[in-house]
Amino acid sequence: MAEEEAKALSYIPETILKKRKTNEEVALRRKAQLELRKHASKKDKKEYIKKPEEFVKEFRYREVDLVRMRHRLKKKRPELATPKSKLLFIIRIQGTNDMHPAVRKTLYNLRLRKVFSVVFVKVNASVIEKL
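Computed from a predicted model, the values in this text were never measured in an experiment. The residue numbering used here restarts from 1 in each chain and proceeds along that chain's sequence as written. In view of the model being predicted, local features appear only for residues whose pLDDT reaches at least 70, and side-chain atom pairs are presented and counted only at 80 or more, with totals across whole chains, interfaces and linings using the full set of residues. To obtain the side-chain values, all non-hydrogen atoms of the structure were included, while hydrogens and water were left out.

**Notes on the overall build of the protein chain**
On a plain count of helices and strands, the protein chain comes out with 4 helices and 2 strands. The N-to-C order of helical and strand elements in the protein chain reads α-α-β-α-β-α. The globule rule used for comparison is 2.2 Å times the number of residues to the exponent 0.38, while the radius of gyration itself is calculated over C-alpha atoms. A compact globule built from 131 residues should have a C-alpha radius of gyration of about 14 Å, whereas the protein chain, at 36 Å, is more than 25% larger. Its C-alpha atoms give the protein chain principal-axis dimensions of roughly 120 × 45 × 20 Å. Secondary structure is summarised from DSSP: a helix means a run of H or I of at least four residues, a strand means a run of E of at least two, and numbering begins at the N terminus for each.

Shown next as structure tokens:
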């Protein structure tokens, strides 16, 4: 056995060895990230599930808010002073995003359809109420 000839080692280029090493490192890193994602998704699922108490709390809050809004509407508001001038210069400065439909309708009725559009209006009670 000692007399057997030693096999010659096959030559592997250095670039291939480096590539193998980096591929192994990337594979280990990917595996670790996958494990982290699995644990994170399980954690998120637990937080995503709402308890019935949370639903009750949320809807009670909405109901109380709605009651508050109704009370605000019923309160008497002070009369708006009529301006001395007979013309009003009205400028629209906001877009339609996150706007209540009633406000949007009022702006449409006043012909204020684009941002920074302007209108001259004669002063009367209905116009002042709309504003």
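Now that the structure has been shown, the text picks up again.
**So, the pairing of strand β1 (residues 87–91)**
Burial along β1 is one-sided: Leu 88 and Ile 90 are buried, and none of Leu 87, Phe 89 and Ile 91, which face the opposite way, are. In the sheet, β1 pairs with strand β2 (residues 118–122) via 5 bridges, with the strands oriented antiparallel. Bridging across to β2, Phe 89 finds its partner in Phe 120. Exposure is judged per residue with a 1.4 Å probe applied to protein chains only, and the accessible area is read against the type maximum: over 50% gives exposed, under 20% gives buried, and values in between give partly exposed. Only strands that DSSP links by at least two bridges are regarded as paired with each other.

**Some details on the domain arrangement of the protein chain**
Size of an interface, as often reported, equals the accessible area lost when the parts are brought together. These domain boundaries are the output of an automatic or database domain assignment. You can read the domains of the protein chain as domain 1 (13–80) and domain 2 (83–130). Inter-centroid distance (C-alpha atoms) of domain 1 to domain 2 is 40 Å.

**What to know about the pattern of salt bridges**
Just to be clear on terms, a salt bridge is a Lys or Arg side-chain nitrogen sitting within 4 Å of an Asp or Glu carboxyl oxygen. The full count for this structure, using the stated rule, is 2 salt bridges. Note that Lys 18 and Glu 14 form a salt bridge whose closest N and O atoms lie 3.8 Å from each other. Of this pair, Lys 18 and Glu 14 both sit in helix α1 (residues 14–48), separated by 4 residues, roughly a single helical turn.

**Digging into the nonpolar core**
For this analysis, a nonpolar core means a set of buried residues of the types Ala, Val, Leu, Ile, Met, Phe, Trp, Tyr and Cys, connected via side-chain atoms within 4.5 Å. Counting 9 residues, the largest nonpolar core is built from Leu 88, Ile 90, Met 99, Leu 107, Leu 110, Leu 112, Val 119, Val 121 and Val 127. Within the residue set of this core, elements represented by two or more residues are β1 and β2.

**Section: the packing of aromatic side chains**
In summary, the pairing rule links any two rings of Phe, Tyr or Trp, Trp by its six-membered ring, whose centres are within 6.5 Å, and it sorts them by plane angle into stacked for under 30 degrees, edge-to-face for over 60 and tilted for everything else. All chains considered together, the criterion is met by 1 aromatic pair. On the numbers, 5.0 Å between centres and 50° between planes, the contact of Phe 89 with Phe 120 is tilted. With a gap of 31 residues between them, Phe 89 in strand β1 and Phe 120 in strand β2 connect regions that are remote in the sequence. In this arrangement the basic side chain of Arg 113 is found over the ring face of Tyr 108, its NZ or CZ atom lying 4.0 Å from the centre. Only when the NZ atom of a Lys or the CZ atom of an Arg is both within 6 Å of the ring centre and within 35 degrees of the ring normal do we say a charge sits over the ring.

**Points about the side chain of Arg 92**
Assignment of secondary structure puts Arg 92 in the loop between β1 and α3 (101–109). For this analysis, a polar contact is any N or O atom pair within 3.5 Å, provided that within protein one partner can donate a hydrogen and the other can accept it, and provided that sequence-adjacent residues contribute only side-chain to side-chain pairs. Polar side-chain contacts of Arg 92 include one of 2.8 Å to the backbone oxygen of Gln 94. A distance of 2.5 Å separates a polar atom in the side chain of Arg 92 from the backbone oxygen of Leu 112. The contact partners of Arg 92, leaving out residues within four places of it in the chain, are Met 99, Leu 107, Leu 112, Arg 113, Lys 114, Val 115, Phe 116 and Ser 117. For this analysis, residues touch if any pair of their heavy atoms sits within 4.5 Å.

**Here's the deal with the confidence of the model for the protein chain**
On a scale of 0 to 100, pLDDT captures the predictor's confidence in every residue. Model confidence for the protein chain is summarised by a mean pLDDT of 84, while 94% of its residues fall at 70 or above. Model confidence for the protein chain, summarised as mean pLDDT per element, is weakest for helix α4 (residues 125–130) at 80 and strongest for β2 at 90.

**Digging into the environment of Leu 87**
Note on placement: Leu 87 falls in strand β1. The spatial distance from the C-alpha of Leu 87 to the C-alpha of Arg 113 is 20 Å, given a sequence separation of 26 residues.

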